[in-house]
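Each chain is listed here by its residues.
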Amino acid sequence: MNRRDVVKTIAATAAVASTAKFSALAFADETAATFTLPPLGYGYDALEPHIDTATMKVHHSGHHAAFVKNLNGLVEKVPDLKTKKITEILSDLSIVPEDSRTAVRNNLGGHFNHTFFWDLMTPGGAKGPSADLKSAIDATFGSQEKMIEDVNKAASTRFGSGWAWLAVDENKKLVVFSTANQDTPHMDMAAKPVIGIDVWEHAYYLKHMNKRADYLKAWWNTVNWDKAAENFKTAST
Ligand code: MN3
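Worth saying up front: this structure is predicted, and the values here are computed from it rather than measured. (Residues numbered from 1 in each chain as written. Predicted model: local features only at pLDDT ≥ 70, side-chain atom pairs only at ≥ 80, totals over all residues. Heavy atoms only, no water.)

Peer 1: What exactly am I supposed to notice about helix 6 (residues 98–120) here?
Peer 2: Taking 1.5 Å of rise per residue, the 23 residues of helix 6 would be expected to cover 33 Å, and the 32 Å separating its terminal C-alpha atoms lies within 8% of that figure. The sharpest bend along helix 6 measures roughly 35° and falls at valine 104. (Helix = DSSP H or I, 4+ residues; strand = E, 2+ residues; numbered from the N terminus. Expected span 1.5 Å × (residues − 1). Bend = angle between axes of the 7 residues up to and from the residue.)

Here is the structure:
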């Protein structure tokens, strides 16, 4: 790492610190009159070389922004979007009028998943979980490496577009599974996410083309393990 990179890293760390109050789970428990695209908390180039700048930029300012725009177009038809918690709606989509249900499922799911995802990545994070999350991972999977192997297997066997998850299920157990499209752990498993990986092609195609496994390997270098530990704590209580 040369001096310029060191300065860049320090600047990126400062940017993260200044937005540290932002949390995907806190956001999910809020209600919103209008939906907004959350800041990344780091630059589009901050996760290089693991996740490339062009991918980050189009993913955040293009794909995620589209979910936000679509949601704001739905709030008049679906007043619950303004008054109910995001996780409350994701956990029970039957409260959404049928003619808007698929649109809410895709766009609110996409908004939740991506907000969670940005928050879960950081430049220069720790190499692994600490304290309670480490103990739980070791107890459930045997080791951090085995947990990653299981998540990668769920990610690589998800046909088409979706997400792979490490989550806490209804029995407070750590579980690994994948979801299709923009479905969230609340929908499929009544679970709360700890770690989630976007395996849509838009998350990796510019850099890795069709090689999802290469993307997965690179992605684990970006994990914000402090955030994962915080997610685990929230999900376990
Ligand atoms: Mn995506």
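Peer 1: Help me understand the nonpolar core in this model?
Peer 2: Nonpolar side chains tend to gather and get buried jointly when the protein is soluble and globular. Core analysis: the largest hydrophobic core is formed by 63 residues, its most contacted members being Leu81, Met147, Ile195, Tyr215, Trp219 and Trp220. A total of seven residues in this core trace back to one element, the largest contributor, which is helix 6. Here tryptophan 219 is in contact with Ile51, Phe117, Leu120, Met121, Ile195, Gly196 and Ile197, once residues within four sequence places are set aside. (Core = buried A, V, L, I, M, F, W, Y, C linked by side-chain atoms within 4.5 Å. Buried < 20%, exposed > 50% of the residue type's maximum accessible area, 1.4 Å probe, protein only. Contact = heavy atoms within 4.5 Å.)

Peer 1: Explain unusual backbone geometry here, please?
Peer 2: Excluding glycine, residues mostly carry a negative phi; peptide bonds, for their part, are mostly trans. That bond from glutamate 48 to proline 49 is cis: its omega, 0°, falls within 30 degrees of zero. Inspection of the secondary structure puts proline 49 in the loop between helix 2 (24–28) and helix 3 (53–72). Non-glycine residue lysine 172 carries a positive phi angle of around 65°. Along the chain, lysine 172 turns up in the loop between strand 1 (162–168) and strand 2 (174–180). Despite not being glycine, methionine 209 has its phi angle at roughly 50°, a positive value. Residue position: methionine 209 is located in the loop between helix 10 (205–208) and helix 11 (212–219). Accessibility expressed as a relative area gives 42% for methionine 209, which makes it partly exposed.

Peer 1: Would you explain the coordination of the manganese ion in this entry?
Peer 2: Put simply, a metal with four donors set out as a tetrahedron has ideal angles of 109.5 degrees, and one with six donors set out as an octahedron has ideal angles of 90 or 180 degrees. Of the protein atoms, only His59 (NE2), His114 (NE2), Asp198 (OD) and His202 (NE2) coordinate the manganese ion, at distances of 2.0 to 2.1 Å. When the donors of the manganese ion are listed by position in the chain, the intervening gaps give H-x54-H-x83-D-x3-H. Note that histidine 114 is positioned in helix 6 and histidine 202 in the loop between strand 3 (192–198) and helix 10, a separation of 88 residues in sequence. Overall, histidine 114 belongs to the buried group, its relative accessible area being 0%. By relative accessible area, which is 15% here, histidine 202 ends up buried. (Donors = N, O, S within 2.8 Å, 3.2 Å for Na, K, Ca; no water.)

Peer 1: Can you walk me through the confidence of the model for the protein chain in this structure?
Peer 2: When pLDDT is low, close inspection of the predicted coordinates is not appropriate. Chain-level statistics for the protein chain give a pLDDT mean of 88 and a share of 87% at 70 or above. By mean pLDDT, the top-scoring element of the protein chain is strand 1 (98), and the lowest-scoring one is helix 1 (residues 3–18) (41). Every residue in residues 1–22 is under pLDDT 50, and counting partners more than four places away or in other chains gives 15 contacts. (pLDDT = per-residue confidence, 0-100.)

Peer 1: Before we go on, may I ask you to explain the packing of aromatic side chains in this structure?
Peer 2: Two measures describe an aromatic ring pair: the distance that separates the ring centres and the angle between the ring planes. Under the defined criterion, the tally for this structure stands at nine aromatic pairs. Taken together, a centroid distance of 5.9 Å and an interplanar angle of 55° make the contact between phenylalanine 116 and tryptophan 165 tilted. Taken together, the residues phenylalanine 116 in helix 6 and tryptophan 165 in strand 1 connect sequence positions 49 residues apart. Here the two residues phenylalanine 116 and tryptophan 165 agree in accessibility, since each one is buried. Ring centres of phenylalanine 117 and tryptophan 219 lie 6.0 Å apart, and the angle between their planes is 5°; this geometry places the pair in the stacked category. Of this pair, phenylalanine 117 sits in helix 6 while tryptophan 219 sits in helix 11; the two residues are 102 residues apart in sequence, bridging distant segments of the chain. Side by side, phenylalanine 117 and tryptophan 219 carry an identical accessibility label, which is buried. (Phe/Tyr/Trp six-rings, centres within 6.5 Å; stacked < 30°, edge-to-face > 60°.)

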